[in-house]
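The chain contents come next:
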Amino acid sequence: MNLCLGQVFSKDKTFRPRKRFEPGTQRFELYKKAQASLKSGLDLRKVVQLPEGESINDWIAVHVVDFFNRINLIYGTVSEFCSERTCPIMSGGPRYEYRWQDGDHYKRPTKLPALMYMNLLMGWIETLINNENIFPTQIGVPFPKNFQQVCKKILSRLFRVFVHVYIHHFDVICSMGAEAHINTCYKHYYFFISEFSLIEHSELEPLKEMTEKICT
């Protein structure tokens, strides 16, 4: 049965409120265009390519927000299985450990339970994408010079959610019959970051085998 992501992953369990695009704006139109391409069955490698005549920063902004919403939804669905007891460290198996640092409350890399790490991560991203100085929504307001660097940081940290879910909670995903849907979400994400070189290749190492399996 062909189900969409929202039908498989409960919207009631979204970890953070979804960020929505304002109808009538250029970014809303770009978002609709991207969604239409996704639903058309086109090759995901082609879906992520910048449409002719469109701004690369607008295109990246639309996708960063969309990936935040989708990955937020995926983690929200498995979060009840991700406790301080089951996941006392934010990790991706024994080889990879992620520590939280935000330069504010956590000035140094700090070891945290996965659930707490995710809560801080989603809150950090939510603050950034709601900041008009970083993600401007008004027509004619330029993006900051460091916009793509900020997006690279967001996407890099979102990748860690995929790592944790795939390595520690994939059995839950499979029990829901949602394996194909998270794989599609990951493929979309992977082809996008690859198209615009938004993450260093070395950072993708934790899911190298999974990537080779589903993205080639």
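Residues numbered from 1 in each chain as written. Predicted model: local features only at pLDDT ≥ 70, side-chain atom pairs only at ≥ 80, totals over all residues. Heavy atoms only, no water.

Looking at an unreviewed UniProt entry, one finds the chain named MOB kinase activator 3C and attributed to Clupea harengus.

## Considering the overall build of the chain
Each helix and strand counted, the chain has nine helices and zero strands in total. Counted from the first residue to the last, the chain has its helices and strands arranged as α-α-α-α-α-α-α-α-α. With 216 residues in all, the chain has 50% of them scored as buried. Contacts in the chain between residues at least 24 apart in sequence constitute 74% of all its contacts with a sequence separation of at least 6. Carbon and sulfur atoms make up 49% of the accessible area of the chain, which totals about 11,500 Å². (Helix = DSSP H or I, 4+ residues; strand = E, 2+ residues; numbered from the N terminus. Buried < 20%, exposed > 50% of the residue type's maximum accessible area, 1.4 Å probe, protein only. Contact = heavy atoms within 4.5 Å. Areas by Shrake-Rupley, 256 points an atom, 1.4 Å probe, with all protein chains shown as cover.)

## Re the packing of helix H5 (residues 114-129) against helix H6 (residues 147-168)
Closest axis-to-axis distance for the H5/H6 pair is 11 Å, and the angle between their directions is 150 degrees. Taken together, H5 and H6 sit at an angle that is classed as roughly antiparallel. As for the relative orientation of H5 and H6, their crossing is left-handed in sense. Note on element contacts: H6 touches H5 through Val-150, Lys-153, Ile-154, Arg-157, Leu-158, Arg-160, Val-161 and His-164, opposite Ala-114, Tyr-117, Met-118, Leu-121, Met-122, Trp-124, Ile-125 and Leu-128. Taken together, the residues of the contact of H5 with H6 break down into twelve nonpolar, one polar and three charged. (Axes fitted to C-alpha atoms, helices over the stretch in contact; angles between N-to-C directions. Parallel < 35°, antiparallel > 145°, perpendicular 65-115°, else oblique. Left-handed = near helix turned anticlockwise from the far one by under 90°. Nonpolar A, V, L, I, M, F, W, Y, C, P; charged D, E, K, R; others polar.)

## Re H6
The terminal C-alpha atoms of H6 lie 32 Å apart, and with 22 residues this matches the ideal 32 Å at 1.5 Å per residue to within 8%. In terms of residue burial, H6 counts as a mostly covered element, since 16 of its 22 residues are buried. (Expected span 1.5 Å × (residues − 1).)

## Points about helix H4 (residues 56-78)
Helix length check: H4 (23 residues) gives 33 Å between terminal C-alpha atoms against 33 Å at 1.5 Å per residue, within 8%. The buried count for H4 comes to 22 of 23 residues, which makes it a mostly enclosed element. Structurally, the start of H4 carries an N-cap: the backbone nitrogen of Asn-57 is 3.3 Å from a side-chain oxygen of Ser-55. (Polar contact = N/O pair within 3.5 Å; in protein donor to acceptor, adjacent residues only side chain to side chain.)

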